[in-house]
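# Observations on chain architecture
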Amino acid sequence: MTSTVDPKSIGQPVKKPRRHQRSATGYLGDIDDKTGKEKWPRGEEEVWKAGLRGIDADVPSISKSIVNHVQTSLARQAYNLDDFGAYQAAAYSVRDNLIINWNETQMNYTRKSPKRAYYLSLEFLMGRALDNAMLNLGLKDQYTASVDKLGFNLEDLIHQERDAGLGNGGLGRLAACYLDSGASQELPLWGYGLRYKYGIFQQLISPEGAQLEAPDPWLEHSNPWELPRVDVVYDVRFYGHAERIEGGKAVWSGGQEVLAIAYDVMVPGYDTKTTNNLRLWESKPKRGFDLNSFNAGDYERAVESSNSAAAITSVLYPNDHTSFGKELRLKQQYFWTAASLQDILRRFKNLEKPITELPDYVAIQLNDTHPTLAIPELMRILIDEEDLSWDKAWQIVTNVFFFTNHTVLPEALEKWPVSLMENLLPRHMQIIYDINLGFLQAVAKKFPHDLDRLARMSLIEEGFPKNVRMANLAVIGSRKVNGVAELHSELVRTTICKDFVEFFGVSKFGNVTNGITPRRWLDQCNPLLSQLITDTLKLPKAAWLKDLTKLQGLLKFVDDTAFQKKWTAVKHSNKERLALYIESTLGYKINTSAMFDVQVKRLHEYKRQTLNILGVIHRYLWLKGLTPAERKKVNPKVVLFAGKAAPGYYVAKLTIRLIVNAARVINADPETKEYLEVLFLPDYSVSLAELLIPASDISQHISTAGTEASGTSNMKFCLNGGLLVGTVDGANIEIAEEVGEENVFFFGHLTPDVEGLRYQHAYSPIPVEQKSPGLANVLNQISAGRFGDGSVYEPLLNTVRQGDYYLITDDFDSYIQALAMVDEAYQNRTEWIKKSINTSARMGKFSSDRCIIDYAQEYWNIEPQKVA
Ligand code: 26Q
């Protein structure tokens, strides 16, 4: 914290800061140092208390509060208020409720001083806040009525809000679901992230089918959901020199200093007062601009360093599953971990406990390797600033951190060049070398004469350039490591962490299968289904939304025809809702009586959108070969794609282009149009997912076996009664275990086959014509220009024809068979609906409440703290 020293106080005994004197949470009360009892800090208690507002939840009070915000917060008037203004006023009114709950929650934590957990994630893909806040507060009906009385429609206002798109995909959305569950379970869990000025880029699709990227200025209009905390500010240093001094310590000085400013986002729990905090850091220059250069007329130079400070939190990196060494990304990582640790330690120090007790009060979860610098940073603070010995510091560090791995793809494991690290963070590089030395000595002791093992386990990858292996650092610096689905965690244990399991023992390597919050991913996105479930279970909504295994109660109704009818009606109405959106955005009207087949996720070769579009073209060519009478027997299908490709990912962008151009030809063919329609919906987001997921009949999760760590959208679709077409990969396996294999459509080779098949592709390839004549025909039709200039697609088609690293040729025929089984099953609509009900009813395991309780009990050792 930047502090000013009063010169008069120098030489005086240091006055201890009063406990809770000014907590960063806006705490109002205080505790007497002597008695330990509560006392009023200043002024007249009655006057303060009279000013405190309670929550007025009746319709007239809510209307009054909205009008009041129109008048004061917005300085607008009723006569020219548009939907956006009404959204803002409603948001400020809802926010008032959150602030009150948030204050009480934080006050409760401060008073009880429980152990807290912190979730460090570079991504929080929060989506919209208004609807979620109203539902979690239990105030949506009242707001609907109030807004109606003011002449607006609440759903229209909800759609005015921009998504908070501070993430790429699964990892970021998982963090958001976990915050919702943490608050709903009344756990002392805070998130720490970055307040990117620009979130994930907006995706535009050109008429040729090219993905174009536009910035996402989500903060352009003020954001009612964040509270700037101008008094919560920390210094963060970069570059400079680190000089070792006595006692293993060092002094790090010089270089660039920037400020981290806190912005708090309130995270309301469902059906509880508990409202937790997501603290996002913004970077700012420490000293405005350089006045000397300014006065000398060198304006560019004058603002150079202030620009470079502000640049740190300016944009989210839109790459997932790649490790590439850009200095700004490393700066983001250090800036965020350094600010977060200072904040966590300051809060701990308010407790006045010895620093050795830190692990009794603090657990920090590292969301992938992105925050791994927190490990050497905490070592630096403990040794250089707190005067601890190396061993004591390491003892603390390795009991505070926990690490989640989200991928086993070798190309995605994060590495940073030693030279870059040495320049940007000289002291941290020293500490990493010191950690490595001690660690490798211990490994050599346990496994003498095994140089290969030492080379594999070293924190440093030798070569040109030399790299720091962040996953190795995260593993050895953490108390426990976990993967995100059973198969994935087993792959972590047997592949990337094999040596570490042999060294540390297997008990350090656990599994927490991912989950999703049923509040957003059922109640909010599918209100009709939520209502039907509540009516059918004859339980209060909160009872099953907080214990999702209660959905099993629906199994009794699987054969109930009246219930089946209602279930079908809900699905149809969700299709109509989606169709309306598509018509209004793309001007294209889809057939809502068709089966909806959806694949939405980041574009990546391992996720195999290519397999899907090749399958679609196969179906199209097959339909063209049928007589009109034969076609009439075919089940009409609408195939929907959405997802963003990393801006530099050429092959993924070509896949989008192929989808768009195939769609154009297929949708325009009068012979087949009735039976097959294909669309690529631009700019996939949390909000678009909320529209798409409830409308799907089937969804596709078709990664090459062993490549998708878990997947979470698979869970969202199944919870909403969509059936799964997938490979035996990630969480698909556990979904099938729960809902029954008879209710999923599995296909493709299994994980243990993959290595051998890849070897075969490399050393004795079998031509596509031989392996799958159907696929060969599809590839040839594309090359021949059936969907526009075929030469454009050659680089994409070559990934299939040569090398085929993701095994499209190996899985194609069984994929087509699985889709044929889908068609067959859909013919018997009653059986299909039963499958749909069964699936949804047995998805209880995948509530993120289960995950967060597991983390709380088995990892963090934290307990619920009910707000009185
Ligand atoms: C790393 C270095 C430099 C720049 C960017 C990155 C980076 C950014 C984002 C690397 C990875 C990501 C995101 C990964 C991700 O979303 N993984 C997904 O995590 C989900 C939640 O556990 C799983 O369900 C998915 O299977 C997994 O792919």
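The residue numbering used here restarts from 1 in each chain and proceeds along that chain's sequence as written. Reporting of local features is limited, given that this is a predicted model, to residues whose pLDDT is at least 70; pairs of side-chain atoms are given and counted only at 80 or more, and all residues count toward the totals for whole chains, interfaces and linings. Each side-chain value is derived from all of the structure's non-hydrogen atoms; neither hydrogens nor water enter the calculation.

### With respect to the sheet that holds strand 24 (residues 698–701)
Within a sheet, adjacent strands bond to each other through the backbone by hydrogen bonds, running parallel or antiparallel. Two strands form a pair only when DSSP identifies at least two bridges running between them. Helical segments are the DSSP runs of H or I of at least four residues, strand segments are the runs of E of at least two, and each set is numbered from the N terminus. Ordered in space as 23-22-21-24-25-26, the 6 strands form an open sheet in which the pairing is parallel. Of all the strands in the sheet, just strand 23 (676–681) and strand 26 (744–747) have a single pairing partner and so form its edges. Within this sheet the neighbouring strands show an average axis-to-axis angle of 20°, counted without direction. Relative to strand 22 (residues 637–642), strand 21 (residues 595–600) runs parallel, the two being bridged by 6 bridges. Among the inter-strand pairings, Val600 is bridged to a residue of strand 22, identified as Ala642. In this fold helix 29 (residues 732–739) packs onto strand 24, strand 25 (723–727) and strand 26, with an angle of close to 140° to the strand it touches most, strand 26. It only takes one pair of heavy atoms within 4.5 Å for two residues to be counted as in contact. The axes used here are C-alpha line fits, helices contributing only the stretch in contact, and every angle between their N-to-C directions lies in the interval 0 to 180 degrees. The sheet contacts of helix 35 (residues 829–841) involve strand 21, strand 24, strand 25 and strand 26, and relative to strand 25 the element is tilted by about 80°.

### Brief notes about a negative patch on the surface
Candidate patch residues must exceed 30% relative accessible area and have no salt bridge, after which like charges are joined if within 9 Å and Val, Leu, Ile, Met, Phe, Trp or Tyr side chains if within 5 Å. For the area figures, the Shrake-Rupley method with a 1.4 Å probe applies, and any residue is considered shielded solely by the protein chains shown. Here, a salt bridge means any Lys or Arg side-chain nitrogen found within 4 Å of an Asp or Glu carboxyl oxygen. His is not counted here, nor are the chain ends, while Lys and Arg score as positive and Asp and Glu score as negative. Note on charges: their place is set at NZ of Lys, CZ of Arg, CG of Asp or CD of Glu. Taken together, the side chains of Glu486, Glu737, Glu738, Glu741 and Glu742 present a region of like negative charge at the surface. In this structure, Glu741 sits in the loop between helix 29 and strand 26.

### With respect to the packing of helix 3 (residues 83–112) against helix 4 (residues 130–137)
Between helix 3 and helix 4, the shortest axis-to-axis distance is 10 Å and the interhelical angle comes to 45°. Here helix 4 runs oblique to helix 3, going by the angle between their axes. Between helix 3 and helix 4 the crossing geometry is left-handed. Contacts between helix 3 and helix 4 involve Tyr87, Ala90, Ala91, Val94, Asn97, Leu98 and Asn101 on the former and, on the latter, Leu130, Ala133, Met134 and Leu137. Counted by class, the contact of helix 3 with helix 4 contains 9 nonpolar, 2 polar and no charged residues. Should an angle fall under 35 degrees it is taken as roughly parallel, and over 145 as roughly antiparallel, whereas 65 to 115 is taken as roughly perpendicular and any remaining angle as oblique. Crossings are assigned a handedness: left-handed for a near helix turned anticlockwise from the far helix by less than a right angle, right-handed for a clockwise turn. Under the scheme applied here, ten amino acids are nonpolar (Ala, Val, Leu, Ile, Met, Phe, Trp, Tyr, Cys and Pro), four are charged (Asp, Glu, Lys and Arg), and all others, including Gly, are polar.

### So, helix 10 (residues 327–349)
Across its 23 residues, helix 10 extends 33 Å between first and last C-alpha, which sits within 8% of the 33 Å expected from 1.5 Å per residue. Each residue is placed in one exposure class: buried if its accessible area under a 1.4 Å probe, protein chains only, is under 20% of its type's maximum, exposed if it is over 50%, and partly exposed if it falls in between. Burial analysis of helix 10 places 18 of its 23 residues in the buried class, which makes it a mostly covered element. Multiplying one less than the number of residues by 1.5 Å gives the expected span of a helix.

### Things to note about the pairing of strand 15 (residues 401–404)
Going residue by residue along strand 15, you find Phe401 and Phe403 tucked away on one face and Phe402 and Thr404 tucked away on the opposite face as well. Sheet topology note: the strand 14 (residues 362–367)/strand 15 ladder contains 4 bridges and is parallel. If you follow Asn367 over to strand 15, its bridge partner there is Thr404. In terms of strand pairing, strand 15 meets strand 19 (residues 480–483) through 3 bridges, oriented parallel. Note that in strand 19 the partner of Phe402 across the bridge is Lys480.

### Considerations on the site of the ligand
Near, as used in this document, describes a residue that has one of its heavy atoms within 4 Å of the molecule or strand being considered. In the region of the ligand, 20 residues are neighbours, and Leu171, His406, Asn514, Glu708 and Gly711 sit closest. Throughout this description, a polar contact denotes any pair of N or O atoms lying within 3.5 Å of each other; where both atoms belong to protein, one of them has to be capable of donating a hydrogen while the other can accept it, and for residues adjacent in sequence the pair is counted only when both atoms sit in side chains. In this structure, an oxygen atom belonging to the ligand sits 2.9 Å away from a side-chain N or O atom of Asn514. Calculation on the ligand without its partners gives an accessible area of 620 Å², and the protein chains cover 96% of this total. Here the shell around the ligand takes 3 residues from helix 7 (residues 170–184), the largest share from any one element. Partitioning the shell around the ligand into residue classes produces 6 nonpolar, 10 polar and 4 charged.

### A short note on the environment of Asn861
Within the fold, Asn861 resides in the segment after helix 36 (848–860). Those residues in contact with Asn861 that sit more than four places away from it in its chain are Lys115, Tyr855 and Ala856.

### Some remarks on the confidence of the model for the protein chain
A residue's pLDDT is simply how confident the predictor is in it, with values from 0 to 100. Mean pLDDT over the protein chain stands at 94; residues scoring 70 or higher make up 95%. Throughout residues 1–27 the model reports pLDDT below 50, and contacts reaching past four residues in sequence, or to other chains, amount to 39 contacts.

### Some details on the pattern of salt bridges
Counted according to the given criterion, the structure contains 53 salt bridges. Residue Glu104 pairs with Lys273 through a salt bridge whose shortest N-O separation is 3.1 Å. Here Lys273 lies in the loop between strand 12 (256–268) and strand 13 (275–285) and Glu104 lies in helix 3, a separation of 169 residues in the sequence. The class of Glu104 is partly exposed, set by a relative accessible area of 26%. Among the residues examined, Lys273 registers a relative accessible area of 34% and is labelled partly exposed. Ionic pairing is found between Glu213 and Lys653, a salt bridge with its closest N-O pair at 2.8 Å.

### Section: empty space enclosed by the protein
As defined here, a cavity is a set of points on a 1 Å grid over the protein atoms alone where a 1.4 Å probe fits but cannot get out. A pocket is an open set with protein on both sides within 12 Å along at least five of seven lines, and residues line them when an atom is within 4 Å of a point. Grid points are joined across faces, edges and corners, and a volume is the space filled by probe spheres set on the points. The final tally for this structure, using the stated rule, is 6 cavities of 30 Å³ or more. What lines the second largest cavity is a set of 13 residues, and nearest its centre among them are Lys601, His701, Ile702, Ser703 and Glu708. Per-class residue counts for the lining of the second largest cavity are 1 nonpolar, 8 polar and 4 charged.

### Observations regarding the packing of aromatic side chains
Pairing of aromatic rings covers Phe, Tyr and Trp, the last through its six-membered ring, and needs centres within 6.5 Å; plane angles under 30 degrees mean stacked, over 60 mean edge-to-face, and all others mean tilted. Overall, the coordinates contain 27 aromatic pairs when judged by the stated rule. Arranged with centres 5.8 Å apart and planes meeting at 70°, the rings of Tyr178 and Tyr855 form a pair that is edge-to-face. On the criterion of sequence distance, the pair formed by Tyr178 in helix 7 and Tyr855 in helix 36 is long-range, its members being 677 residues apart. For the pair formed by Tyr178 and Tyr855, the shared burial category is buried. Each ring, one from Phe503 and one from Phe504, has its centre 4.9 Å from the other, and the planes form 85°; the classification is edge-to-face. Accessibility expressed as a relative area gives 16% for Phe503, which makes it buried.

### Side note on the pairing of strand 4 (residues 124–127)
Walk down a regular strand and you will see the side chains alternate between the two sheet faces. Of the two faces of strand 4, the one lined by Phe124 and Met126 and the one lined by Leu125 and Gly127 are each fully buried. Summarising the sheet, strand 4 and strand 5 (residues 164–166) pair through 3 bridges and their orientation is antiparallel. Paired with Leu125 across the two strands is Gly165, which belongs to strand 5.

### Quick word on helix 13 (residues 390–400)
Those residues of helix 13 not exposed but buried are Ala393, Ile396, Val397, Thr398, Asn399 and Val400. Lining the buried residues of helix 13 we find helix 11 (358–361), strand 14, helix 12 (374–385), strand 15 and helix 17 (470–476).

### Details of the sheet that holds strand 18 (residues 467–469)
Taken together, 3 strands build an open sheet; the order of strands is 16-18-17 and the sheet is antiparallel. In this open sheet, the two edge strands, each paired with only one partner strand, are strand 16 (415–417) and strand 17 (460–461). Where strand 16 lies against strand 18, 3 bridges are found, and the strand directions are antiparallel. Note that in strand 18 the partner of Trp416 across the bridge is Val468.

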